[in-house]
Amino acid sequence: MATSASAQRGDEGAAAFVRGVYAAYSDEDVSPPDLGDRAVWSPRMATLIRRDRELATDDLPYLDADPICDCQDWENLRVLSVVVSLDTARMRWIATVRFVNSGETKTARLLLWGDPIRGWTIDDVLNPGYPSLADQLTESIQRVEAGGSAHE
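The model shown is predicted, which means the values in this text are computed figures rather than measured ones. Every chain's residues receive numbers from 1 upward, in the order its sequence appears when written. Whole-chain, interface and lining totals are the exception, using all residues; otherwise, since this is a predicted model, local features are given only for residues with pLDDT of at least 70 and side-chain atom pairs are given and counted only at 80 or more. To obtain the side-chain values, all non-hydrogen atoms of the structure were used and water was disregarded.

Visitor: Please explain the sheet that holds strand E4 (residues 119-125) as it appears in this structure.
Guide: Strand order across the open sheet formed by 4 strands is E1-E2-E3-E4, with antiparallel pairing between neighbours. Each edge of the open sheet is held by one strand with a lone partner, namely strand E1 (78-87) and E4. Averaged over all pairs of adjacent strands, the angle between strand axes in this sheet comes to 30°, irrespective of strand direction. Pairing of strand E3 (residues 104-115) with E4 involves 6 bridges; the strand directions are antiparallel. The residue bridging tryptophan 113 from the neighbouring strand is threonine 121, located in E4. Across the face of the sheet, helix H2 (residues 43-55) comes into contact with E3 and E4 while running at roughly 50° to E4. Note: two strands are recorded as paired if DSSP finds a minimum of 2 bridges between them. Comment: elements are numbered from the N terminus, with helices defined as DSSP H or I runs of at least four residues and strands as E runs of at least two. Angles run from 0 to 180 degrees between N-to-C directions of axes, and those axes are lines fitted to C-alpha atoms, restricted for helices to the stretch in contact. Every residue pair with non-hydrogen atoms within 4.5 Å of one another is taken to be in contact.

Visitor: Can you walk me through the pattern of salt bridges in this structure?
Guide: Any two side chains of opposite charge can pair, on the condition that their charged atoms come close. Within this document, salt bridges are pairs made up of a side-chain nitrogen of Lys or Arg and a carboxyl oxygen of Asp or Glu, the two lying within 4 Å of each other. According to the stated counting rule, one finds 7 salt bridges in the structure shown. The salt bridge partner of arginine 92 is aspartate 123, with a shortest N-O separation of 2.9 Å. With arginine 92 in strand E2 (residues 92-101) and aspartate 123 in strand E4, the pair connects residues that are 31 residues apart, well separated along the chain. For the exposure calls, accessible area comes from a 1.4 Å probe over protein chains only, and a residue counts as buried if that area is under 20% of its type's maximum, exposed if over 50%, partly exposed in between. For aspartate 123, a relative accessible area of 5% corresponds to the buried category. Residue arginine 118 is joined to aspartate 115 by a salt bridge in which the shortest nitrogen-to-oxygen separation is 2.5 Å. A relative accessible area of 71% places arginine 118 in the exposed class. Salt bridges linked by common partners bring Arg44, Arg92, Asp123 and Asp124 together as one network.

Written as structure tokens, this is what we have:
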């Protein structure tokens, strides 16, 4: 069990990581992270994203939008809040991010992987109203490898 001091360090470091990811969407001089960016995605998610792209030879990949902003395009993206909490069922940190993009308020839930020493990455996107992004990618990859389409 984490001590309150180590939990606080995890909370603060994870929140700083998430703010840094979203800052790239609001800074015109910085590009948002590429979907293949290993500094943003956990090894598991980076593998799923890479495989999704590899299989998209005659079709769009399953992941044809940016899951971090839940959008195709972003304009004047502004973070309203970042709340990081320990999900005791998963024993993982989850960041809940409220932001405005193109005038629309959205909420993203990011399952984080890492720790205060080695740093943080995004291990899944759990946006409200959608299944887990990792689960969606896994199912899509399995469909394509079985001869089907990435999109149901």
